[in-house]
Amino acid sequence: MSNSFFNMQNYELEKLFLKIKKSNRKKIDSLSGGNLKIQNPKLVFVDKSKWLVNLTDLEIPRDVTDMINLGPKHGLHIKNDFIPMAKLISDFEACTQKIPSELRDQARIDYASKINNFKRNPQVTGTFNREVIISIRDFRLSHPELLFLKADKVNATFCINRNDYLTKMLSQLSDVNTYKIVKHDLVYTLQLRVNNLANAWVQKKFISSQFKRSIYINNSVPARAYGLPKIHKPEVPFRIIVSFINSPTYKLAKTLNSWIKIGLTRPASFIKDSFDLVDIIRGQVLPSNYILVSLDVVSLFTNVPLDLVINAIKKRWDNLKSSIPVPLDQMLTALNICFDASIFKFNDTIYSQTFGLPMGSPLSPILADIVMDDLESCCIKKLPFTLPFYYRYRLN
């Protein structure tokens with residue numbers, strides 16, 4: 001029983017590692033035609049000059065750029081006094097639900113032992129010495145106006161002045177056709193509606209009291225917006241990202257997403273990724289009077305009519321109801337609560353979407369996908385010619 005939890009974790013991680021390794025090898029073979037041979041991997045040159053994009057007039061010291069080039073997942077050693085013990089314990093307890101009940105006590109003992117051993121004898125492999133870390137910290141403290149952000153769709157870090165960041169974000173949020181400022185964040189109201197719905201489902205025996213925990217929420221906060229710079233585009237616009245974590249409908253939306261996902265059938269146009277597309281169309285020959293066309297949806301979530309979403313669910317209900325424990329009217333009530341959660345906070349201001357599915361909601365991608373499925377089916381039937389093939393890829 002000793003170290004049972006960690007043995008289980010190592011086993012799962014090993015499976016994940018092998019899966020990723022196999023996928024990456026397949027990608028390399030596809031890109032190289034199966035003929036890629038690295039003669040001397042030690043001589044591969046890595047160009048780090050594009051890992052940091054600096055849009056300020058300030059020259060950033062070499063030590064700082066070296067630190068940033070390590071990426072956002074690089075962690076420095078922290079003092080024992082700053083180890084967030086309460087958070088570590090609460091996160092672990094949340095994970096224990098996935099461990100068989102008879103192994104949980106032993107897993108807690110193993111976990112506590114690992115933490116105590118680390119506190120007594122931390123094994124740290126440092127990239128930077130103490131003097132360098134202090135100089136980096138001093139630079140950061142002396143330039144609070146700088147923001148270092150992860151770039152959108154590019155493996156790079158972006159440095160921008162805080163005022164410039166706010167100007168760009170507020171400019172995009174000023175689009176009255178998409179967003180509007182609201183006086184109240186509605187967090188309490190939405191949380192009350194979610195919890196009342198969960199209680200009603202328990203009373204009507206649609207769900208168990210234990211399952212209610214996956215929906216019921218306390219101390220929720222408004223969804224939060226931030227921007228990722230599109231450094232691959234002119235004038236560096238921002239992609240607005242909304243984080244729904246701990247928002248009033250986050251847990252409900254995740255639950256509804258899992259229910260819908262089980263009962264859905266993949267459309268004929270589905271492709272996993274670009275490599276899947278290449279495998280599918282390899283060998284196909286277009287007629288002489290045909291061309292290959294690539295289309296892109298702009299701002300998908302904020303352009304999906306909600307009535308089309310409701311109709312799409314009703315249309316598929318015969319296939320969905322076997323995986324959804326509540327009747328259709330209750331499902332639609334839950335969806336409407338999630339639709340009303342299209343509010344978020346940025347720079348201490350509350351915004352609301354004026355149209356479409358809530359950005360950042362765990363439920364929005366799958367609902368947008370089924371609406372696109374219905375839309376493409378309707379439109380393709382109306383074309384005055386036959387399509388040799390049509391495929392659609394959803395990025396996120």
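Residues numbered from 1 in each chain as written. Predicted model: local features only at pLDDT ≥ 70, side-chain atom pairs only at ≥ 80, totals over all residues. Heavy atoms only, no water.

### Some details on the packing of aromatic side chains
- This structure, assessed with the given rule, holds ten aromatic pairs.
- For the pair Tyr165 and Phe238, a centre-to-centre distance of 5.4 Å together with 70° between the ring planes defines the contact as edge-to-face. Of this pair, Tyr165 sits in helix α6 (residues 162–173) while Phe238 sits in strand β6 (residues 238–243); the two residues are 73 residues apart in sequence, bridging distant segments of the chain. Just as Tyr165 is buried, Phe238 falls in that class too.
- Among the aromatic residues, those joined into a ring-pair cluster are Phe158, Tyr165, Phe238 and Phe346.
- Against the face of Tyr216 rests Lys212, its NZ or CZ located 4.9 Å from the ring centre. (Phe/Tyr/Trp six-rings, centres within 6.5 Å; stacked < 30°, edge-to-face > 60°. Helix = DSSP H or I, 4+ residues; strand = E, 2+ residues; numbered from the N terminus. Buried < 20%, exposed > 50% of the residue type's maximum accessible area, 1.4 Å probe, protein only. Lys NZ or Arg CZ within 6 Å of the ring centre and 35° of its normal.)

### Details of the sheet that holds strand β1 (residues 52–54)
- Here three strands make up an open sheet; going across it, the order is β1-β3-β2 and the pairing mixed. Where the open sheet ends on each side, the last strands, each with one partner, are β1 and β2 (146–150). This sheet shows a mean twist of 25° between the axes of neighbouring strands, independent of strand direction.
- Judged from the three bridges that link them, β1 and strand β3 (residues 157–161) form a sheet pairing that is parallel. Bridging from a neighbouring strand, Asn54 pairs with Cys159 of β3.
- With respect to the sheet, α6 is in contact with β2 and β3, its orientation differing from that of β3 by roughly 95°. (Pairing = 2+ DSSP bridges. Axes fitted to C-alpha atoms, helices over the stretch in contact; angles between N-to-C directions. Contact = heavy atoms within 4.5 Å.)

### Side note on the pairing of β2
- Of the strand pairs in this sheet, β2 and β3 are connected by five bridges, and their pairing is antiparallel. Bridge pairing in β3 links Leu149 to Phe158.
- Adjacent in sequence and paired antiparallel, β2 and β3 are bridged by six residues, among which Lys153 carries a positive phi angle near 65°.

### Re the side chain of Ser364
- Note on placement: Ser364 falls in helix α13 (residues 364–382).
- Residue Ser364 is classed as buried on the basis of its relative accessible area of 1%.
- Residue contacts for Ser364: discarding those within four places in its chain leaves Phe301, Leu357 and Pro358.

### Description of the packing of helix α3 (residues 85–95) against helix α4 (residues 104–120)
- Orientation of α3 relative to α4, taken along the N-to-C sense of each, is 155°, at an axis distance of 11 Å. When the axes of α3 and α4 are compared, the pair comes out roughly antiparallel. In terms of crossing hand, the pair formed by α3 and α4 is right-handed. Where α3 abuts α4, its residues Met85, Leu88, Phe92 and Glu93 lie against Ala107, Arg108, Tyr111, Ile115 and Lys119. (Parallel < 35°, antiparallel > 145°, perpendicular 65-115°, else oblique. Left-handed = near helix turned anticlockwise from the far one by under 90°.)

### As for the packing of helix α10 (residues 306–315) against helix α12 (residues 328–339)
- Contact geometry of α10 with α12 gives a least axis separation of 11 Å together with a crossing angle of 155°. The pairing of α10 with α12 is recorded here as roughly antiparallel in orientation. Crossing of α10 over α12 shows right-handed handedness. Together, Leu306, Val309, Ile310, Ile313 and Lys314 of α10 and Leu328, Leu332, Leu335 and Phe339 of α12 make up the contact between the two elements.
- Residues of the contact of α10 with α12, tallied by class, amount to eight nonpolar, no polar and one charged. (Nonpolar A, V, L, I, M, F, W, Y, C, P; charged D, E, K, R; others polar.)

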